[in-house]
Amino acid sequence: MREVGAPRDGGQSPRGMGTRGQSWVMLLTYALAALEFTCLFMQFSIMPYLSRRLGLDSVAFGYQQTIFGVLQLLGGPVFGRFADQHGARAAFTLSFLAACALYLLLAAACSPALPGVALLFASRLPSAFMHMLPAAQMVITDLSPPAERPAALGRLGLCFGVGVIFGSLLGGTLSSACGIQCPVIMALVANLLGAALSFTCIPASTKGASAHAQASLPGKPKASVFDLKAITQLLLQPGVLPVFLVKVICSLPSGLFMVMFSIISMDFFQLEASQAGYLMSFFGILQMVIQGLVIGRLSSHFSEDALLRASVLVFSVVGLAMALMANVFHFCLLMPGLVFSLCALNVVTDSMLTKAVSASDTGTMLGLCASVQPLTRTLGPTLGGLLYRHFGVPVFGHVQFVVNFVVFLVLWRQPTPPKMDKAR
């Protein structure tokens, strides 16, 4: 096993960074990710109220969600390819500047003197380039040894949990105390700070010497960032497509439930807005603990294939329990299993997929992985709404149980593949 902190590129650390420099960059990456997630959930917490103040109904609000999901879906792979070609510094800076544009348009939409509805929809456009998570995952992937990659990627769950808890809390508190424009302006200032820190403190590239040599081979044409053929060919490399399909198929049923959760919490659980907020905070705390602490320890004792099978199996059991739950107390009991499955599936598949491609393509691969959630957000409002209207809440549990149990049987019958690590 490679020694902790040892260079991954044949003895040459990325861009000449030593172990201490790599640790500092990884720590800064976690801090910037937590900052961006906090601002993002501040935005999520005020969007329904801003839409209502501008006179939009639930259908128009759904259109906003769909536009946001489609743009993130299309922008994820392109952003990942941009990160591979132009480096970590450019990727972080672009993500923060895109977020600044979004919050600036949102702040303008809050002004009564401006066309608020048009600005509100226009604020969705920069989201195509807001991809802090794949940018952070690329840096963590580049700077962590393969054996420790699941634990390093799992710590990003702490950043996400911080964003869920503090972002939701700050968004609601600031909008109530200082007006709905206050959290938007605060998010704008925070992202300007993030852009400045990224441009000055994040290295131009975190990839090792071999990755740069491979990306700039003599006679090799410079591929475009928008080269969709190169992006799709990545999925056809050995060992990539099966894992990617497992990631998409297994996460879709739970994603449909989470998209409809705000409606389910009101209609089925009969929760007030504050009670639903407490439930989401509980979800965020669970994700912090499980993804930040539990997954890393499990990855040091069990193989990634074993953890993948375990996550799919637990998904099946949780789905069966969701089909039988009758109140919010039942949901709280099964939530740890749901969060474990989500965290384990995402961390393990991201780790396996980045090991299955070359180091020069990890950003593109992570961009493709980041498109899975926007895909659910795009399909979820329509598909989830139809399922909920015709069959009720139990249908989400039934679908999750059947889909994941079938996938578990397929994984169980397949032999354990040899460990892959092309990111040398």
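Because the structure is a prediction, the values reported are computed rather than measured. (Residues numbered from 1 in each chain as written. Predicted model: local features only at pLDDT ≥ 70, side-chain atom pairs only at ≥ 80, totals over all residues. Heavy atoms only, no water.)

> Help me understand the overall build of the protein, please; the structure alone is not making it clear to me.
When its secondary structure is counted, the protein shows 18 helices and 0 strands. Summarising the internal contacts of the protein: among those between residues at least 6 apart in sequence, 86% fall at separations of at least 24. About 18700 Å² of surface is accessible on the protein, with carbon and sulfur atoms providing 70% of the total. (Helix = DSSP H or I, 4+ residues; strand = E, 2+ residues; numbered from the N terminus. Contact = heavy atoms within 4.5 Å. Areas by Shrake-Rupley, 256 points an atom, 1.4 Å probe, with all protein chains shown as cover.)

> What exactly am I supposed to notice about the environment of Ser-95 here?
For Ser-95, the location among the structural elements is in helix 3 (residues 88–109). Classification of Ser-95 by relative accessible area gives buried; the value is 1%. It is 9.2 Å that separates the C-alpha atoms of Ser-95 and Ala-128, two residues lying 33 residues apart in sequence. Not counting residues up to four positions away in its chain, the partners in contact with Ser-95 are Phe-79, Phe-129, Met-130, His-131 and Met-132. A distance of 3.2 Å separates a polar atom in the side chain of Ser-95 from the backbone nitrogen of His-131. (Buried < 20%, exposed > 50% of the residue type's maximum accessible area, 1.4 Å probe, protein only. Polar contact = N/O pair within 3.5 Å; in protein donor to acceptor, adjacent residues only side chain to side chain.)

> Is there a simple way to explain helix 5 (residues 132–143) in this structure?
Spacing of three or four residues puts side chains on the same side of an α-helix, whose turn is 3.6 residues. Between its terminal C-alpha atoms helix 5 stretches 17 Å, which fits the 16 Å expected from 12 residues at 1.5 Å a residue. Among the 12 residues in helix 5, 11 count as buried, and that is most of the element. By the burial criterion, the buried members of helix 5 are Met-132, Pro-134, Ala-135, Ala-136, Gln-137, Met-138, Val-139, Ile-140, Thr-141, Asp-142 and Leu-143. (Expected span 1.5 Å × (residues − 1).)

> For this particular structure, what's the right way to read the packing of helix 3 against helix 8 (residues 181–201)?
Helices that pack against each other are described as a pair by the angle of their axes relative to one another and the distance between those axes. Contact pair helix 3 / helix 8: the axes reach a minimum separation of 8 Å and the direction vectors enclose 160°. Judged by the inter-axis angle, helix 3 sits roughly antiparallel to helix 8. Pair helix 3 / helix 8 crosses with left-handed handedness. Facing helix 3, whose interface residues are Arg-89, Phe-92, Thr-93, Phe-96, Leu-97, Ala-99, Cys-100, Tyr-103, Leu-104, Leu-106 and Ala-107, helix 8 presents Gln-181, Val-184, Ile-185, Ala-187, Leu-188, Asn-191, Leu-192, Gly-194, Ala-195, Ser-198 and Phe-199. Split by residue class, the contact of helix 3 with helix 8 holds 16 nonpolar, 5 polar and 1 charged. (Axes fitted to C-alpha atoms, helices over the stretch in contact; angles between N-to-C directions. Parallel < 35°, antiparallel > 145°, perpendicular 65-115°, else oblique. Left-handed = near helix turned anticlockwise from the far one by under 90°. Nonpolar A, V, L, I, M, F, W, Y, C, P; charged D, E, K, R; others polar.)

> Can you walk me through the packing of aromatic side chains in this structure?
Considering all chains together, one arrives at 13 aromatic pairs under this definition. Between Phe-44 and Phe-68, the aromatic rings sit 6.2 Å apart at their centres with planes inclined by 80°, giving edge-to-face as the arrangement. Here Phe-68 lies in helix 2 (residues 58–86) and Phe-44 lies in helix 1 (residues 19–53), a separation of 24 residues in the sequence. Looking at Phe-68, the relative accessible area reads 4%, which means it is buried. Within the aromatic cluster, the residues linked to one another by ring pairs are Phe-257, Phe-261, Phe-268, Phe-269, Phe-331 and Phe-396. (Phe/Tyr/Trp six-rings, centres within 6.5 Å; stacked < 30°, edge-to-face > 60°.)

> Help me understand the nonpolar core in this model?
Across soluble globular proteins, nonpolar side chains show a tendency to be buried alongside one another. Phe-92, Phe-257, Ile-264, Phe-331, Met-365 and Phe-396 are the most contacted members of the largest nonpolar core, which totals 83 residues. The dominant element in this core, judged by the number of residues it contributes, is helix 15 (residues 328–355), at 14 residues. Once you skip the residues sitting within four places of it in the chain, Met-365 turns out to touch Leu-234, Leu-235, Val-240, Phe-244, Leu-353, Thr-354 and Val-357. Counting 26 residues, the second largest nonpolar core, distinct from the first, contains Ala-98, Ala-107, Cys-110 and Ile-180. (Core = buried A, V, L, I, M, F, W, Y, C linked by side-chain atoms within 4.5 Å.)

> Where do I start with helix 8 in this structure?
The end-to-end C-alpha distance of helix 8, which contains 21 residues, comes to 30 Å, matching closely the 30 Å that a straight helix rising 1.5 Å per residue would cover. Among all positions in helix 8, only Pro-183, Val-184, Ala-187, Leu-188, Ala-190, Asn-191, Gly-194, Ala-195 and Ser-198 are buried. Among the structural elements, helix 1, helix 3 and helix 7 (156–178) are those in contact with the buried residues of helix 8.

> Just checking my understanding: could you explain the pattern of salt bridges for this structure?
Between side chains of opposite charge, pairing is possible as soon as their charged atoms come close. Considering all chains together, one arrives at 2 salt bridges under this definition. For Lys-247, the salt bridge goes to Asp-350, with nearest N and O atoms at 3.0 Å. Within this pair, whereas Lys-247 is found in helix 11 (residues 241–259), its partner Asp-350 is found in helix 15, the two being separated by 103 residues in sequence. Each member of the pair Lys-247 and Asp-350 is classed as buried. For Lys-355, the salt bridge goes to Glu-304, with nearest N and O atoms at 3.0 Å. Linking Lys-355 in helix 15 with Glu-304 in helix 14 (residues 304–324), this pair joins segments that are 51 residues apart in sequence. Each member of the pair, Lys-355 as well as Glu-304, is classed as buried. (Salt bridge = Lys/Arg side-chain N within 4 Å of Asp/Glu carboxyl O.)

> Honestly, the confidence of the model for the protein in this entry has me stumped. Any pointers?
Keep in mind that low pLDDT regions are not for reading the predicted coordinates in detail. Per-residue pLDDT for the protein averages 81, and the proportion of residues at 70 or more is 87%. Of the regions scoring below 50 in pLDDT, residues 1–12 engages in 27 contacts with residues more than four places distant in sequence or in other chains. Every residue in residues 418–424 scores below 50 in pLDDT, and together they form 21 contacts with partners more than four places removed in sequence or on other chains. (pLDDT = per-residue confidence, 0-100.)

> I keep staring at the environment of Val-402 and nothing clicks. Help me out?
The topology assignment puts Val-402 in helix 18 (residues 394–413). Note: C-alpha distance between Val-402 and Ser-316 (86 residues apart in sequence) is 7.1 Å.

> What am I meant to see in the side chain of Gln-72 here?
Looking at the secondary structure, you find Gln-72 in helix 2. The contacts of Gln-72, once residues within four sequence positions are left out, are Ser-127, Met-130, His-131, Ser-371, Pro-374 and Arg-377.

> Teacher, can you tell me more about the packing of helix 1 against helix 3 here?
The interhelical angle for the contact between helix 1 and helix 3, taken along N-to-C directions, is 20°, at an axis separation of 12 Å. As the angle between them shows, helix 1 and helix 3 are arranged roughly parallel. The hand of the helix 1/helix 3 crossing is left-handed. Touching Thr-29, Leu-32, Leu-35, Glu-36, Cys-39, Leu-40, Gln-43, Met-47 and Leu-50 of helix 1 are Phe-92, Phe-96, Ala-99, Leu-102, Tyr-103 and Leu-106, all from helix 3. Considering only residue class, the contact of helix 1 with helix 3 consists of 12 nonpolar, 2 polar and 1 charged.

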